[in-house]
Amino acid sequence: MSPTQIVVTVLVILVVAALAAAVLVAGRRRTLRQRFGPEYDRVVAEQDSRSAAERELRDRERRHAELQLVPLDPDSRARYAEAWEELQVRFVDSPAETVGQADELVTRLIAERGYPTGDFSDQIAHLSVEHARTLSHYRDAHEIHLRNSRGEASTEDLRQAVVHYRALFADLLGEEPVAARTPEQRHPDAAHDATNR
C-alpha cells in the first residue's frame, strides 16, 4: 500500500467513525427528548451546555433505576381518589388550608409509590424520569403553596394550585382522581335514602 492510500484509508476510517459518533449522539439526544419532554429543554436552559444537561438527565435515569417503585393496589388507588375528592370539596370553605393538604396528599402518594420525598429538587429529579410531562404543574403548585405560606396567594392562585397538584396526582395515580360520576354514584346511601322517602 502506498503512503497516499494509507492516508486516504485513515481519513475514510476517521470520517466513518465521526459519522457513527454523530449518529449515536443524535440517537441518545432524541431518546432523552422523548423521555423527558419539556424537562429536557428546561435542563438544557439551566446547564452550561447541552452535553452537561444530557449528562444530568442520564444521571437522573441512573438514580431512578435504583429506586424500588411500587404500583398502587386497587384499594390504595381508591383511597387516594376518595381523599382527593374530599379535598376538592373542602376547598370551597378553606382554600388556603386545602392547598397545604393537597401538597401533603401528593407527597404521601409520591412516597407510597417509592419516590424520595426529602428535598423538593430531588423529588423533581426523580419524578422527571417517568412523570416529566406533569412536572411544570408540580413546580407551579409548589410555588403557589410557598407563596400561600407567606400569605401572598389569592384565592384564584390557590384554585390554580389545586388544579396543578391534580395533574401530577392523576399521573401518579394512573387515572383521574375524581371520575365523572353522578352524586348518587358518589354517595349511594344518600340516593337510596332519597328513594325510600
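First things first, this report covers the structure right here in the doc.

The rules behind each value
- Residues numbered from 1 in each chain as written.
- Predicted model: local features only at pLDDT ≥ 70, side-chain atom pairs only at ≥ 80, totals over all residues.
- Heavy atoms only, no water.
- Helix = DSSP H or I, 4+ residues; strand = E, 2+ residues; numbered from the N terminus.
- Buried < 20%, exposed > 50% of the residue type's maximum accessible area, 1.4 Å probe, protein only.
- Contact = heavy atoms within 4.5 Å.
- Areas by Shrake-Rupley, 256 points an atom, 1.4 Å probe, with all protein chains shown as cover.
- Phe/Tyr/Trp six-rings, centres within 6.5 Å; stacked < 30°, edge-to-face > 60°.
- Salt bridge = Lys/Arg side-chain N within 4 Å of Asp/Glu carboxyl O.
- Core = buried A, V, L, I, M, F, W, Y, C linked by side-chain atoms within 4.5 Å.

### Section: the overall build of the protein chain
Then, number 1: Across its full length, the protein chain carries ten helices and zero strands.
Then, number 2: Taken from N to C terminus, the helices and strands of the protein chain fall in the order α-α-α-α-α-α-α-α-α-α.
Then, number 3: Looking at the 197 residues of the protein chain, the share that counts as buried comes to 34%.
Then, number 4: Considering only contacts in the protein chain between residues 6 or more positions apart, those separated by 24 or more positions represent 60%.
Then, number 5: When the accessible surface of the protein chain is summed, it comes to about 11800 Å², and 55% of that surface belongs to carbon and sulfur atoms.

### A word on the packing of aromatic side chains
Then, number 1: A complete count under the given rule lists four aromatic pairs for this structure.
Then, number 2: Residues Phe120 and Tyr138 carry aromatic rings whose centres are separated by 5.1 Å and whose planes lie at 50° to one another, so their mutual orientation is tilted. Remark: Tyr138 occurs in helix α7 (residues 135-149) and Phe120 occurs in helix α6 (residues 120-131); sequence separation between them is 18 residues.
Then, number 3: Given a relative accessible area of 22%, Phe120 falls into the partly exposed group.
Then, number 4: In this structure an aromatic cluster arises from ring pairing among Tyr80, Trp84 and Phe169.

### What about the environment of Asp122?
Then, number 1: Topologically, Asp122 is positioned in helix α6.
Then, number 2: C-alpha separation for the pair Asp122 and Arg60, spaced 62 residues apart in sequence, amounts to 9.5 Å.

### Some words on the pattern of salt bridges
Then, number 1: A complete count under the given rule lists 14 salt bridges for this structure.
Then, number 2: Residues Arg147 and Asp157 are paired through a salt bridge, measuring 2.8 Å at the closest nitrogen-oxygen approach. Taken together, the residues Arg147 in helix α7 and Asp157 in helix α8 (residues 155-173) connect sequence positions ten residues apart.
Then, number 3: A residue is classified by how much of its surface remains accessible, and Arg147, at 23% relative accessible area, is partly exposed.
Then, number 4: The salt bridge involving Glu152 is made with Arg150; its shortest N-O contact spans 3.2 Å.
Then, number 5: Owing to a relative accessible area of 47%, Glu152 belongs among the partly exposed residues under this scheme.
Then, number 6: Counted as one network, the salt bridges with shared partners bring together Glu39, Glu56, Asp59, Arg60, Arg62, Arg63, Glu66 and Arg139.

### Examining the nonpolar core
Within soluble globular proteins, side chains that are nonpolar tend to cluster in buried spots.
Then, number 1: If you look at the biggest cluster of nonpolar residues, it comprises 29 residues, and the most contacted ones within it are Trp84, Val106, Ile110, Leu127, Tyr138, Tyr165 and Phe169.
Then, number 2: Looking at this core, the elements that each hand over two or more residues are α4 (74-91), α5 (95-113), α6, α7 and α8.
Then, number 3: When residues of this core are assigned to their parent elements, the largest contribution, eight residues, is made by α8.
Then, number 4: One finds Leu32, Val44, Leu57 and Val129 within the second-largest nonpolar core, a separate group that totals eight residues.

### Focus on the environment of Val70
Then, number 1: Of note, Val70 is situated in the loop between α3 (50-65) and α4.
Then, number 2: For Val70, a relative accessible area of 40% corresponds to the partly exposed category.
Then, number 3: Taking the C-alpha atoms as reference points, Val70 and Gly114, separated by 44 residues in sequence, lie 5.9 Å from one another.
Then, number 4: Other than its neighbours up to four places away in sequence, Val70 contacts Glu112 and Arg113.

Structural measurements only, silent on function.
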